[in-house]
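Residues per chain, in single letters:
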Amino acid sequence: MINAALRDAKNYYSILWGVAPLLLGLFILYVPTYYNLATVTWQSEDQAHGPLILMIILYLIWVRKDFFFSPGTADTQPLLGWLFLIIGLFFYVIGRSQDIVMFDLGSQIPVLTGLLLLKGGFPALRKFIFPLFFMIFMIPLPGAIIDAITMPMKIAVSYVAEFVLYGIGYPIARSGVILQIGQYQLLVADACAGLHTLMSLEALGLLYLNIVKSNSLFRNVTLAILIVPISFTANVIRVMTLTLITYYFGDAAGQGFMHGFAGMLLFVVALLLIIWVDSLLQFIEKKWRLNRHAKLGKA
């Protein structure tokens, strides 16, 4: 038994030593990228979700860590692996040399895809497909795309917030994305109802789906689609909360600690809505199966 333990430990360190140069290469490539993210990109409120997404990705990789200490398989894909690796390195060079964060950070996806195909083929890629996909939520989008999508979203959130609050008797009016309640004016900013918030909540919903690991195609697809209106609803609740805080406690409260609290409330409400909708979908699917079995039994 002792000899077997020593042999396992020897194999463990042998495999670790074999992947060490690969890990060192990735470290050298992407430390400058993440330093730039930490000191520049993630300092803005729009990209404040970046560190959280990174921690989730590292956790998803950690729970799959046994793959790194297993022997390579015969199902490697050298041609496809090198193709992805070369494409990824090309985008990395362009991104670093031209200071294009989207290319620089996004190059990780094809680079890691290529390395997985080279080491373990399609089985390895399937094992890490969700962490690789989740990296998309960490990549900053071009400003033109953000502006084109964010403004209609802000107008829609502002409209619904005004409609609901006016309907329950509050003295509120709207001009574009500016809400006037009492003597106070509130600008619905990008951080309150923008594309970045929608993507963060979409990431939250997909993470939930990955954790619950449902085998139901109906449940997974329907919930993934409904995450968009759930995110919109959570944004409306956040804007309404900030509006009411400002109305009752003044502008300082609305822009101070309570603004950050409303941001946390956004994710809590979104998560609760996702869980509630998922429970409803499970109930609907269960009823459908019972009815189907009853019909088959009668037949």
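Residues numbered from 1 in each chain as written. Predicted model: local features only at pLDDT ≥ 70, side-chain atom pairs only at ≥ 80, totals over all residues. Heavy atoms only, no water.

(A) Representation of unusual backbone geometry in the model. In the Ramachandran plot, Asp 99 falls in the positive-phi region, its phi being about 60° despite a non-glycine side chain. Assignment of secondary structure puts Asp 99 in the loop between α3 (78–98) and α4 (101–106). Residue class for Asp 99 comes out exposed when judged on its relative accessible area of 60%. (Helix = DSSP H or I, 4+ residues; strand = E, 2+ residues; numbered from the N terminus. Buried < 20%, exposed > 50% of the residue type's maximum accessible area, 1.4 Å probe, protein only.)

(B) Representation of the nonpolar core in the model. If you look at the biggest cluster of nonpolar residues, it comprises 38 residues, and the most contacted ones within it are Tyr 34, Ile 53, Leu 116, Phe 134, Phe 137, Met 138 and Leu 223. The set of elements that each furnish at least two residues to this core consists of α1 (2–39), α2 (50–62), α3, α5 (108–127), α6 (129–134), α9 (195–212), α10 (217–249) and α12 (257–298). Contacts of Leu 223, omitting those with residues within four sequence positions, involve Tyr 208, Leu 209, Ile 274, Val 277, Asp 278 and Leu 281. Grouped together as the second largest cluster of nonpolar side chains are 13 residues, Leu 165, Ile 181, Val 239 and Met 240 included. (Core = buried A, V, L, I, M, F, W, Y, C linked by side-chain atoms within 4.5 Å. Contact = heavy atoms within 4.5 Å.)

(C) How the structure looks around the sheet that holds strand β3 (residues 184–187). Overall, antiparallel pairing links the three strands, which are arranged β1-β2-β3 in an open sheet. Every interior strand has two partners, whereas the edge strands, β1 (172–175) and β3, have only one. Each adjacent strand pair in this sheet contributes to an overall mean axis angle of 20°, direction not counted. Pairing analysis gives four bridges linking β1 to strand β2 (residues 178–181), with the strands arranged antiparallel. Bridge pairing in β2 links Ile 172 to Ile 181. Where α10 meets the sheet, its contacts fall on β1, β2 and β3, and the angle it forms with β3 comes to roughly 155°. (Pairing = 2+ DSSP bridges. Axes fitted to C-alpha atoms, helices over the stretch in contact; angles between N-to-C directions.)

(D) Up close: the confidence of the model for the protein chain. Within the protein chain, residue pLDDT values average 80, and 82% of them lie at 70 or more. Mean pLDDT values for the elements of the protein chain range from 57 in helix α8 (residues 190–193) up to 93 in α3. (pLDDT = per-residue confidence, 0-100.)

(E) Structural context of α5. Between its first and last C-alpha, α5 extends only 17 Å over 20 residues, short of the 28 Å set by a 1.5 Å rise per residue. The largest bend in α5 amounts to roughly 130° and is located at Gly 120, with the proline Pro 123 lying one to four residues further along. Inspection of α5 places Gln 108, Pro 110, Val 111, Thr 113, Gly 114, Leu 115, Leu 116, Leu 117, Gly 120, Gly 121, Ala 124 and Leu 125 among the buried residues, and these make up the whole buried set. (Expected span 1.5 Å × (residues − 1). Bend = angle between axes of the 7 residues up to and from the residue.)

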